[in-house]
Amino acid sequence: MKDNRLVLNFLVFAEKVENGALQSELLPEIAELGFQSVEIRREYFKDLEKEMPVIKAEAERLKLELFYSVPDEVYVDGKINPKLKNYLAEAEQMGVKHIKWNIGAFEGDLHEDELKTLIENGVAITIENDQTQTSGTIAAIQTYMKAIKDAGLAIGYVYDLGNWRFVGEDEMKAAEALTDYVQYIHMKDVGYENDQPKAAGLDHGEIDWRKVLTIFPKNRPIAIEYPTTSNAEILEAKKLLEEAID
């Protein structure tokens, strides 16, 4: 079946980007692979100002919904990162509907008024469990998302399946603890080399990802998010996910 919940994160094209391809140039290929949503990665821009309007035009032409992954933090030394406004302006310029950050150094003060100003931009804001002990553990996500919920702020949570192994935590326990906050899911499997975790394709690692997915609400977008070397690998993951969520 074709499921419009599936998102293709540009991490799948890491090799092509490293070899010079622009994200805008790869959008038609993503549409041809059968995806209706794509997650742009800010660190993959080569010339941000030139590429943003092209991405917007191509996404509109191909009818692709845009997500925006920004590798920066909401909090720096306990205060709101001043760069966040710029990232939201970029998102608006591209027609992005969803933006993702990491929590960073949250020290207990939400800075609610500043967050409300960011939320009012109209782009859905989410945070993700990253691969750090600062903002990638169950406790860190729980603490922050509970504070967000108690304050009634419209900030969601992206559950990254593979990242738990990189911080030494259990992905199933994390899913059970955090499911009420989940608005978006990043899918990768994890294998091990020399006892160190390494991202892998679905069913090419050690995670029981199908079991994890049963924990979450059924209407959340799900992204394929790990490096691949061929479109066949992407289509394999797409087929596995479609079968799992059918």
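In the block above lies the structure referred to throughout.
Residues numbered from 1 in each chain as written. Predicted model: local features only at pLDDT ≥ 70, side-chain atom pairs only at ≥ 80, totals over all residues. Heavy atoms only, no water.

S.K.: Which residues make up the pattern of salt bridges, and what values go with them?
M.R.: This structure, assessed with the given rule, holds 15 salt bridges. One salt bridge connects glutamate 128 with lysine 100, and the closest N-O pair in it is separated by 3.1 Å. Placement of glutamate 128 in strand β6 (residues 124-128) and of lysine 100 in strand β5 (residues 98-104) is noted, with a sequence separation of 28 residues between them. Taking the relative accessible area as the measure of exposure, lysine 100 reaches 5% and is therefore buried. The shortest N-O distance in the salt bridge between lysine 198 and glutamate 193 comes to 3.2 Å. Judged by its relative accessible area of 43%, lysine 198 falls in the partly exposed class. Sharing partners across several salt bridges, the network here consists of Arg41, Glu43, Asp160, Lys188 and Glu225. (Salt bridge = Lys/Arg side-chain N within 4 Å of Asp/Glu carboxyl O. Helix = DSSP H or I, 4+ residues; strand = E, 2+ residues; numbered from the N terminus. Buried < 20%, exposed > 50% of the residue type's maximum accessible area, 1.4 Å probe, protein only.)

S.K.: Can you tell me about the pairing of strand β10 (residues 196-200), naming the residues and giving the values?
M.R.: In regular strands, side chains alternate between the two faces of the sheet. Sheet topology note: the strand β9 (residues 189-193)/β10 ladder contains 5 bridges and is antiparallel. The residue of β10 that forms the bridge with glutamate 193 is glutamine 196. (Pairing = 2+ DSSP bridges.)

S.K.: Please give an account of the nonpolar core that cites residues and values.
M.R.: The biggest cluster of nonpolar side chains holds 81 residues, and the ones touching the most others in it are Tyr68, Ile99, Leu115, Tyr144, Tyr157 and Tyr159. With residues near it in sequence (within four places) discarded, isoleucine 99 still touches Tyr68, Val70, Tyr87, Leu88, Ala91, Val123, Ala124, Ile125 and Thr126. Within the second largest apolar cluster, 5 residues are counted, among which are Val7, Phe67, Val158 and Ala223. (Core = buried A, V, L, I, M, F, W, Y, C linked by side-chain atoms within 4.5 Å. Contact = heavy atoms within 4.5 Å.)

S.K.: Now, about the side chain of serine 24: what can you tell me, with residues and values included?
M.R.: Its place among the elements puts serine 24 in helix α2 (residues 23-32). Taking relative accessible area as the criterion, serine 24 reaches 7% and is therefore assigned buried. For serine 24, the contacting residues outside a window of four places in its chain are Val54, Ile55 and Glu58.

S.K.: Run through α2, naming residues and quoting values.
M.R.: Owing to its 3.6 residues per turn, the α-helix brings residues three or four apart onto one side. For α2, the complete set of buried residues consists of Gln23, Ser24, Leu26, Leu27, Glu29 and Ile30. On its buried face, α2 is in contact with β1 (6-9), α1 (14-18), β2 (37-41), α3 (48-62) and α10 (231-245). Glycine 34 occupies a position one or two residues after α2 and carries a positive phi of about 100°.

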